[in-house]
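Here are the chains, one letter per residue:
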Amino acid sequence: MPMPPLPDFANLSLAEVARLAADAKLPPVDRWNPVHCGDSEMRIAADGSWYHQGSPITRPEMMRLFATILRREADGSHVLVTPVEKLTIAVDDAPFVAVEAKLSGEGPAARIAFRLNTEELVVAGPDHPIRVEGPADAPRPYIRVRGGMDALIARSVFYDLVAELTPGPDGRQGLWSDGTFFAFEPA
């Protein structure tokens, strides 16, 4: 059964977002080890769009359902997995996109929550680190979501975060969330 849509992210407090993220119940895909059955003929594009046999998956409920059974393998590949089958899925960049962020608090007490294109919620912190890759003129920001999978932070969301940067303990610019400082510039 597909996950129900979330309440309006903009109207949720950060505490409500954190509770919803903690309450999210996903299938135990890390414990399922069926025999590999083939290719799903599916692809997740760099912009977060999902495709099957080259055609876009236009129903958000289907995308959210497939996202619940997505897993990253030890070799870096991605699969859709159930207790009885495992199918390869192509992922162009990151399988998720962080499409909205909410900031609250200051310094080490600050928190940053993200809403993903799959309606999942993630609060940045030690288990969900933010990192920025690439050169300064073309940064690629990510947040770790689950099981070794990341979400690309959408450009507009990244610019909103950059507007809030503050110097960290080592002098680099970045943001705090859940007691962890995430530098947005290289060491």
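Everything in this summary refers to the structure shown in the same document. Worth saying up front: this structure is predicted, and the values here are computed from it rather than measured. (Residues numbered from 1 in each chain as written. Predicted model: local features only at pLDDT ≥ 70, side-chain atom pairs only at ≥ 80, totals over all residues. Heavy atoms only, no water.)

Below, the discussion takes up the overall build of the chain. Tallying secondary structure elements over the chain gives three helices and 15 strands in all. The buried share of the chain, taken over its 187 residues, is 40%. Residue pairs at least 24 apart in sequence account for 52% of intrachain contacts in the chain once pairs closer than 6 positions are excluded. If you sum the accessible surface of the chain, you get close to 9800 Å²; carbon and sulfur atoms cover 53% of it. (Helix = DSSP H or I, 4+ residues; strand = E, 2+ residues; numbered from the N terminus. Buried < 20%, exposed > 50% of the residue type's maximum accessible area, 1.4 Å probe, protein only. Contact = heavy atoms within 4.5 Å. Areas by Shrake-Rupley, 256 points an atom, 1.4 Å probe, with all protein chains shown as cover.)

Applying the stated criterion across every chain yields a total of 12 salt bridges. Residue arginine 131 is joined to aspartate 150 by a salt bridge in which the shortest nitrogen-to-oxygen separation is 2.9 Å. One end of the pair, arginine 131, is in strand 10 (residues 130-133); the other, aspartate 150, is in strand 12 (residues 149-153), with 19 residues separating them in the sequence. Owing to a relative accessible area of 28%, arginine 131 belongs among the partly exposed residues under this scheme. Overlapping salt bridges bring together Arg131, Glu133, Arg144 and Asp150 as one network. (Salt bridge = Lys/Arg side-chain N within 4 Å of Asp/Glu carboxyl O.)

The next point concerns the sheet that holds strand 14 (residues 173-177). Spatial strand order, 13-14-15: three strands in an open sheet with antiparallel pairing. Across the chains shown, the open sheet's two edge strands, defined by having one partner strand only, are strand 13 (166-167) and strand 15 (180-183). (Pairing = 2+ DSSP bridges.)

Right, let's get into the sheet that holds strand 2 (residues 50-52). One open sheet accounts for six strands, arranged 3-2-1-6-5-4; its pairing is mixed. Two strands in the sheet have a free side with no partner beyond their single neighbour: strand 3 (55-56) and strand 4 (70-72). Where strand 1 (residues 36-44) lies against strand 6 (residues 86-91), five bridges are found, and the strand directions are parallel. By the bridge assignment for strand 6, aspartate 39 is matched with threonine 88.

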